[in-house]
Amino acid sequence: MLNREDITLIVIISIKLSNSHLLMWILGRKKVSLKESGIFEGFTDWHSHILPGVDDGIKTMEDAIDVLEEYERLGFKRVWLTPHIMEDYPNKTEDLKRRFEELKDNWKGEVELFLASENMLDMLFEERLLKKDFLPIGDGGDHLLIETSYYTPPYAMDEMLESALKKGFNLVLAHPERYRYMEEKDYRKFKEQGVKFQLNLLSLVGAYGESAKKRAEWLLAKKMVDLFGTDIHRLEAINENIRTPLPKPIQPEAVKSVVNQLIN
């Protein structure tokens, strides 16, 4: 902790050197939280589990409305609802569409709602790929939000990705920072294939542990992040983390430059 004499000396040295950056370097920038940063103003959430009662996310219509009301207070503009489609949650497209219409009927606020899905790369994905039976993300209807296990890659992952690309889909990898088996070469390989990365915003404040936080910082620093999402499963997760200061290497401007990107 600097005392008054230390700070005075620093200011004098800074002025004498005519270098305002010296003082900034020594004292460092003030840390700000996600809530204080203004990141949520006009925010598009590209990954959420708000559609109620269909997976391991929000369970009731009332809770879904509570989340959306909090989003509106924070300044969110658009939210993509991306329920799981996987062997553990074999949701059917038409069932999800019906539940989505029910949510829209109940939601009276200004936040815009859109429906897509988060697709696990598993045997069910391969079956749906044959039928092109997906809920794509983005206004153009040709992007798929995909995920894998956090610990091991799926069998024949490269073949599944190649098949999806050949069928005309663009791929968005959900929360790349959370995959413990991935290394720098894996991230670069995905990018060479044209895969977009959707980072979980709360990873930047350590919501998923130190490993995911460090990976998130690295991906952002390398300009590999294309989209942000909350990946919200419960309202408390947002309230518990939006007041946590962003780490010093991450400046809100770096996040904001990505936040309002769209995929068509």
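Residues numbered from 1 in each chain as written. Predicted model: local features only at pLDDT ≥ 70, side-chain atom pairs only at ≥ 80, totals over all residues. Heavy atoms only, no water.

Engineer: Please give an account of the side chain of Ser203 that cites residues and values.
Structural biologist: Note on placement: Ser203 falls in the loop between strand S8 (196-200) and helix H9 (210-221). Beyond its immediate stretch of four places on either side in the chain, Ser203 contacts Glu177, Tyr208, Ala212, Lys213 and Ala216. (Helix = DSSP H or I, 4+ residues; strand = E, 2+ residues; numbered from the N terminus. Contact = heavy atoms within 4.5 Å.)

Engineer: Before we move on, could you go through the environment of Thr244 and cite the residues and values that matter?
Structural biologist: By the secondary structure assignment, Thr244 is in the loop between helix H10 (235-241) and helix H11 (252-259). C-alpha of Thr244 to C-alpha of Leu204: the two residues are 40 residues apart in sequence and 9.5 Å apart in space. Each residue touching Thr244, except ones within four places of it in the same chain, is listed here: Val32, Ser33, Leu34 and Val205.

Engineer: Explain the packing of aromatic side chains to me, and be specific about the residues and the numbers.
Structural biologist: One pass over the full model with this rule turns up 13 aromatic pairs. Judged by centre distance (5.2 Å) and plane angle (40°), the ring pair of Phe125 and Phe134 falls under tilted. Exposure remark for Phe125: the relative accessible area of 2% places this residue in the buried category. The interplanar angle of 85° and the centroid separation of 5.5 Å between the aromatic rings of Phe134 and Phe169 together place this pair among those described as edge-to-face. With Phe134 in the loop between helix H6 (123-131) and strand S6 (143-147) and Phe169 in the loop between helix H7 (157-166) and strand S7 (170-174), this residue pair connects regions lying 35 residues apart in the sequence. With relative accessibility at 8%, the residue Phe169 sits in the buried group. Joined through ring pairs, the aromatic side chains of Phe40, Phe43, Tyr71 and Phe76 make up one cluster. In this structure, Lys132 packs its charged tip against the face of Phe169, placed 5.5 Å from the ring centre. The ring of Phe197 has Lys191 lying over it, and the distance from NZ or CZ to the ring centre is 4.5 Å. (Phe/Tyr/Trp six-rings, centres within 6.5 Å; stacked < 30°, edge-to-face > 60°. Buried < 20%, exposed > 50% of the residue type's maximum accessible area, 1.4 Å probe, protein only. Lys NZ or Arg CZ within 6 Å of the ring centre and 35° of its normal.)

Engineer: Can you lay out the confidence of the model for the chain for me, pointing to particular residues and giving the numbers?
Structural biologist: Of all residues in the chain, 84% attain a pLDDT of 70 or more, and the chain-wide mean is 88. Taken together, the stretch residues 6-28 has pLDDT below 50 and engages in 17 contacts with residues farther than four places along the chain or on a different chain. (pLDDT = per-residue confidence, 0-100.)

Engineer: Explain the sheet that holds strand S3 (residues 84-85) residue by residue, including any values.
Structural biologist: Reading across the sheet, the six strands line up as S3-S5-S6-S7-S8-S9 and stay open at both edges, with parallel pairing between neighbours. Of all the strands in the sheet, the pair left with one neighbour each is S3 and strand S9 (227-229). Sheet analysis places S8 next to S9, joined by three bridges and oriented parallel. Each bridged residue has a counterpart across the sheet, and for Asn200 the counterpart in S9 is Gly229. (Pairing = 2+ DSSP bridges.)

Engineer: Quick rundown of the packing of helix H8 (residues 184-192) against H9? Include the residues and the values.
Structural biologist: When two helices pack together, their arrangement is captured by the angle between the axes and the distance separating the axes. For the pair H8 and H9, interaxial distance at closest approach is 12 Å and the crossing angle is 45°. Classified by the angle their axes make, H8 and H9 are oblique. Our pair here, H8 against H9, has a crossing hand that is right-handed. Together, Glu184, Tyr187 and Arg188 of H8 and Arg215, Trp218 and Leu219 of H9 make up the contact between the two elements. Of the residues that constitute the contact of H8 with H9, the class distribution is three nonpolar, no polar and three charged. (Axes fitted to C-alpha atoms, helices over the stretch in contact; angles between N-to-C directions. Parallel < 35°, antiparallel > 145°, perpendicular 65-115°, else oblique. Left-handed = near helix turned anticlockwise from the far one by under 90°. Nonpolar A, V, L, I, M, F, W, Y, C, P; charged D, E, K, R; others polar.)

Engineer: If you had to explain helix H5 (residues 93-106) to someone new, which residues and values would you point to?
Structural biologist: Here H5 is 14 residues long and its end C-alpha atoms lie 20 Å apart, about the 20 Å a rise of 1.5 Å per residue gives. Turning to H5, its buried residues are Thr93, Leu96, Phe100 and Leu103. Taken down its axis, H5 places every buried residue within 80° of arc, on the same side. Tucked into the core, H5 has its buried residues touching helix H4 (61-74), strand S2 (78-81), S3, strand S4 (112-115) and H6. (Expected span 1.5 Å × (residues − 1). Arc of directions from axis to C-beta.)

Engineer: Help me get a handle on the sheet that holds S2, residues and values and all.
Structural biologist: Note: strands within a sheet are paired through backbone hydrogen bonds, in either parallel or antiparallel orientation. If you trace the three strands from one edge of the open sheet to the other, you get S1-S2-S4, paired in parallel fashion. Two strands in the sheet have a free side with no partner beyond their single neighbour: strand S1 (44-45) and S4. Alignment of S1 against S2, held across two bridges, turns out to be parallel. Looking across to S2, one finds that Asp45 is bridged to Val79. Its contacts with the sheet put H5 on S2 and S4, and the angle it makes with S4 is roughly 170°.

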